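Inside the fold
Now for the letters of each chain:
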Amino acid sequence: MQQWTGAHAGGAPDRTISSIDLFGGRREIGIEHHGAYYRLKITRQGKLILNK
């Protein structure tokens, strides 16, 4: 697993979730954030795309 170098004081995010665990075998999931809905997809190239 690659180390995250985010903007948090310690350099690591508060929580890390594997994409395998997050997607659970699916290619797309929905995320609700403050009443707005987003779609997180895995592309054919294995990259992530977030759409509102």
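Not measured: the values here are computed from a predicted model. (Residues numbered from 1 in each chain as written. Predicted model: local features only at pLDDT ≥ 70, side-chain atom pairs only at ≥ 80, totals over all residues. Heavy atoms only, no water.)

**A word on the overall build of the protein**
Along its length, the protein carries one helix and three strands. Helices and strands appear in the protein in the N-to-C order α-β-β-β. Counting only contacts in the protein whose residues sit at least 6 apart along the sequence, the fraction spanning at least 24 positions is 2%. Of the roughly 4900 Å² of accessible surface on the protein, a fraction of 51% belongs to carbon and sulfur atoms. (Helix = DSSP H or I, 4+ residues; strand = E, 2+ residues; numbered from the N terminus. Contact = heavy atoms within 4.5 Å. Areas by Shrake-Rupley, 256 points an atom, 1.4 Å probe, with all protein chains shown as cover.)

**Some thoughts on the pattern of salt bridges**
Across all of its chains, the model carries one salt bridge by this definition. Between E28 and R39 there is a salt bridge whose closest N-O contact spans 2.8 Å. Placement of the pair is E28 in strand 1 (residues 28-33) and R39 in strand 2 (residues 36-42), with a sequence separation of 11 residues. Take R39: its relative accessible area is 44%, and that puts it in the partly exposed class. (Salt bridge = Lys/Arg side-chain N within 4 Å of Asp/Glu carboxyl O. Buried < 20%, exposed > 50% of the residue type's maximum accessible area, 1.4 Å probe, protein only.)

**As for unusual backbone geometry**
For H34, which is not glycine, the phi dihedral falls at a positive 50 degrees. Within the secondary structure, H34 is located in the loop between strand 1 and strand 2. Overall, the relative accessible area of 75% leaves H34 in the exposed class.

**Observations regarding the pairing of strand 2**
Two strands pair when backbone bridges link them, and strand 1 and strand 2 are joined in this way by six bridges, in the antiparallel orientation. Its bridge partner being in strand 2, E28 is matched across the sheet by K41. Once strand 1 ends, the chain turns through two residues before running back antiparallel as strand 2, passing H34 with a positive phi of about 50 degrees. Bridging between strand 2 and strand 3 (residues 48-51) involves four bridges; their strand directions are antiparallel. (Pairing = 2+ DSSP bridges.)

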